[in-house]
Amino acid sequence: MFKLKVSDAKLLRDMATAISILVDEATFQITPESLKLRAMDPSRVAMVDFEWPKTVFEEYMCNQPTKMCINISELLKLLRRVGKDEAVELALDEKTGRLQVKITGKYTRNFTMPTLEASEEEVPTPKITFNVRAKATTEGLRQAIEDAELVSDHVRIEADNEKLVFQATGDLMGATIEIKKGSDALLDLEAKETSKATFSLSYLSEIIKAASATSDIATLEFSSDMPIKIDFQQSKDGKLTFYLAPRIETA
Amino acid sequence: MSRLVLLHWARKSLGVNLRDLVPKITVKLEDLNGKSIAIDAYNALYQFLAIIRQPDGTPLKDSSGRITSHLSGLLYRTSNLVELGIKPIYVFDGVPPTLKEVEIKRRVKAKEEALIKYEQALKEGKIEEARMYAQATSRLKDYMADDSKHLLDLMGVPWIQAPSEGEAQAAHIVKRGDADYCASQDYDSLLFGAPKLVRNVTISGRRKLPGKNVYIEVEPEIVELEQILKECGITYEQLVDVGILVGTDFNPEGVKGLGPKTALKLIKEHGSLENALPYLKDAEFPVDPKKIREIFLNPKVTDNYRIEWKEPDVEGVINFICRERDFSEDRVRKALEKMQKGTLKLKGKTTLEKWFG
């Protein structure tokens, strides 16, 4: 038996959107304590690590741990229909294997959707020693990424103890976006050593745009030519973290 | 016609016979990872058409009777190369030089004869023999080249249209540093000045010997022009002259009775083709040998090409070869998945798996 209720339907929708950036079929781990998902995109370049403890929900009921796989874009179609002050309830009917989606506001809407075969894959945590830790506003990151996207499809992120630099080089144009320590966009910056790594802008931009809806502040952690970890701080309890593998030009 | 004669045809049609002069290094296909390879497209397509056949020699066909052996070879071999991190570029022949007419006529005639033998063998129920003759009947039709280019586009693999000889263009691309190797079964690329040639790229693996129930392991061979010239003690221009004496696509017969070793000795002794000819009274050429040399030294090539590897358009490939040409969707999807892993490598992309430890 699994059932939950979220009074902030927008938050649920934004979270589902952020997950849908990387996965179509999302397998959630459901335990009495929390709702979790950890999955990679099909090309295994990026990973999303999501967890909502039961405190996030208005109601949360789970008797025993289980897995539930749903088509996240199908769920999103329903969630897009949810208005501002409406609540969403999800309930898994284990007999029929269908998920009931109940939207309550001025009136009540009941949808059902199928669940899919859950993925058995256990996605491990990448083992990385991070040399840079930068806490920035998601708005600042979004601007930097949008600037870089004007000229290229990849961006080099570089940091020392003074500044965080986004450098994009395209066929014709180039862009350098520098965010200094102490500026409004950069709340904190620690670098054990100067580090730089290059990432695909299509991934970075989709992740940052979607996750910004759930979060105002993000912590970037990276090292030279290693995956970047971006943790989007959640206002309620809960975790939304992405990992993105780098591009290594000499590989 | 005996099998021996047939095999002789097969060898003759593989361009200049420099085998005995060429020092080669055998490598594994995976050792070529990260290398870009300009593949002689027609040479590869002919191989696919010859090899990819049913036991009795019938080529693969779709439900409307169109031959698909070349597409099968191109898809599976290319995805295999890309998966290994190899960057293929296919170079297609353009208009052949008019000097090649003799060779082209000879090939057409050979194929017609092989076709008669094939039908005869089939009638007599000699399956092994039929398959062998069938391989020699392979003809590359225009629609096959068009199909192949279309498939490569969908797969995100670059191809280049040569103004004339594909091998000359491939050699030119390697000379300019835009690719690491030429790939062809022929040694002609070397006569076109290719610094590095790799053979067997499109057929490596377990191969059946023609006419026998014996399998051998075919491995890529790397041949370097510099190395040949050093070992033979000649210049590149002199190597071209040796090639002409032995026989090229423009004078398939060469000088009768003259093998590579004797030809080399003659050119070293006399310095050049012109100086050696007076000592070869019986030498006959279908065309002026100086013109042949000119084709190798100054071939018609173009600098107007673009080499870019893209991600495969999976649904596009499926639509084309599964929906239109009746390939198995399962197999094609698997091949493309492997290929996608490779394209990540090509673009310097990494996957998170590398850091799972």
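Look above for the structure.
Draft legend 1. Spatial organisation of the pattern of salt bridges. Residue and element names in this part refer to chain B. Tallying each qualifying case throughout the model produces 30 salt bridges over all chains. Of the charged contacts, one joins Arg-323 and Glu-329 as a salt bridge, the two residues approaching to 2.9 Å between their closest N and O atoms. For Arg-323, a relative accessible area of 48% corresponds to the partly exposed category. Take Glu-329: its relative accessible area is 30%, and that puts it in the partly exposed class. One salt-bridge network, held together by shared partners, links Glu-315, Arg-323, Glu-329 and Arg-333.

Draft legend 2. Broad picture of the nonpolar core. Residues A:Phe28 and A:Phe166 are the most contacted members of the largest nonpolar core, which totals 92 residues. Apart from the residues within four sequence positions on either side, A:Phe28 is in contact with A:Ile19, A:Leu35, A:Lys36, A:Leu37, A:Phe50, A:Thr66, A:Lys67, A:Met68, A:Ile70 and A:Ile72. B:Ile160, B:Ala194, B:Ile228 and B:Leu266 belong to the second-largest nonpolar core, a separate cluster that totals 49 residues.

Draft legend 3. Representation of the pairing of strand β1 (residues 2-6) of chain A in the model. Residue and element names in this part refer to chain A. With 4 of its 5 residues buried, β1 lies for the most part within the structure. Two strands pair when backbone bridges link them, and β1 and strand β7 (residues 87-93) are joined in this way by 5 bridges, in the antiparallel orientation. When the bridges of β7 are listed, Leu-4 appears paired with Leu-90. Across 4 bridges, the pairing between β1 and strand β5 (residues 59-62) is antiparallel. Counterpart to Leu-4 in the pairing with β5 is Tyr-60.

Draft legend 4. Main features of the sheet that holds β7(A). Residues and elements named next belong to chain A. Reading across the sheet, the 5 strands line up as β5-β1-β7-β8-β9 and stay open at both edges, with antiparallel pairing between neighbours. With one partner strand each, in any of the chains shown, β5 and β9 (108-114) form the two edges of the open sheet. Taken pair by pair, the neighbouring strands of this sheet meet at an average axis angle of 15°, ignoring direction. Where β7 and strand β8 (residues 98-104) come together, 7 bridges link them in antiparallel fashion.

Draft legend 5. Representation of the packing of aromatic side chains in the model. Scanning the model with the defined rule gives 10 aromatic pairs over all chains in all. On the numbers, 6.0 Å between centres and 85° between planes, the contact of A:Phe232 with A:Phe242 is edge-to-face. Of this pair, A:Phe232 sits in strand β17 (residues 228-233) while A:Phe242 is found in strand β18 (residues 239-244), placing the two residues 10 residues apart along the sequence. Here A:Phe232 and A:Phe242 have matching classes, each one buried. When the centroid spacing of 5.6 Å and the interplanar angle of 75° are considered together, the rings of B:Phe250 and B:Phe296 count as edge-to-face. Of the two residues, B:Phe250 sits in the loop between α10 (236-246) and α11 (260-270) while B:Phe296 sits in helix α13 (residues 289-297), which places them 46 residues apart along the sequence. Residue B:Phe296 is classed as buried on the basis of its relative accessible area of 0%. Counting every residue linked through ring pairs, the aromatic cluster contains A:Phe2, A:Phe28, A:Phe50, A:Trp52, A:Phe57 and A:Tyr60. We note B:Lys149 situated over the ring of B:Phe92; from NZ or CZ to the ring centre the distance is 5.0 Å. When the ring centre of B:Tyr76 is taken as reference, the NZ or CZ atom of B:Arg331 above it lies at 4.4 Å.

Conventions and cut-offs
- Residues numbered from 1 in each chain as written.
- Chains lettered and ligands numbered in written order.
- Predicted model: local features only at pLDDT ≥ 70, side-chain atom pairs only at ≥ 80, totals over all residues.
- Heavy atoms only, no water.
- Salt bridge = Lys/Arg side-chain N within 4 Å of Asp/Glu carboxyl O.
- Buried < 20%, exposed > 50% of the residue type's maximum accessible area, 1.4 Å probe, protein only.
- Core = buried A, V, L, I, M, F, W, Y, C linked by side-chain atoms within 4.5 Å.
- Contact = heavy atoms within 4.5 Å.
- Helix = DSSP H or I, 4+ residues; strand = E, 2+ residues; numbered from the N terminus.
- Pairing = 2+ DSSP bridges.
- Axes fitted to C-alpha atoms, helices over the stretch in contact; angles between N-to-C directions.
- Phe/Tyr/Trp six-rings, centres within 6.5 Å; stacked < 30°, edge-to-face > 60°.
- Lys NZ or Arg CZ within 6 Å of the ring centre and 35° of its normal.

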